[in-house]
Amino acid sequence: MIFKKRTFHGTEPERSTGDHPAELERRVAHDLAVTPGLDAADVTVICQGNTIVLGGHVATKAESARAEEAVRLTKGVDEVVNRIEAAEA
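First, a word on what this report is: a plain description of the structure on this page.

Each value, and the rule that gives it
- Residues numbered from 1 in each chain as written.
- Predicted model: local features only at pLDDT ≥ 70, side-chain atom pairs only at ≥ 80, totals over all residues.
- Heavy atoms only, no water.
- Buried < 20%, exposed > 50% of the residue type's maximum accessible area, 1.4 Å probe, protein only.
- Helix = DSSP H or I, 4+ residues; strand = E, 2+ residues; numbered from the N terminus.
- Pairing = 2+ DSSP bridges.
- Right-handed = clockwise from strand over helix to strand, strands pointing away.

Counting buried residues in strand β2 (residues 51-58) gives 6 out of 8 residues, a clear majority hidden from the surface. Of the pairings in the sheet, the one linking strand β1 (residues 43-48) to β2 comprises 6 bridges and is antiparallel in character. When the sheet's bridge partners are listed, cysteine 47 is paired in β2 with isoleucine 52. Adjacent in sequence and paired antiparallel, β1 and β2 are bridged by 2 residues, among which glycine 49 carries a positive phi angle near 70°. Here β2 runs beside strand β3 (residues 79-82); their pairing, made up of 4 bridges, is parallel. Bridging from a neighbouring strand, valine 53 pairs with valine 81 of β3. Between the parallel pair β2 and β3, the chain is carried across by helix α2 (residues 61-72), and the sense of this crossover is right-handed.

What follows is the structure, given as structure tokens:
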């Protein structure tokens, strides 16, 4: 199979990483996915302005705290609301 480079009328399409909430959600989700010691498969990310609301489930409270810290370090995030539930009691 051969893949061609994407073009639009012969030129490469413009890619912007603007301030759209979906872009911030994407960056946060990526940062969570690559955070060491965190299984973020069941973590949800919702963007409300520059506030990120985390939900879902993780195995430990330490993972929940790790997720919150990773989000706080993401460029563009002003506030984090952590509603992640840990399986350990």
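Continuing now.
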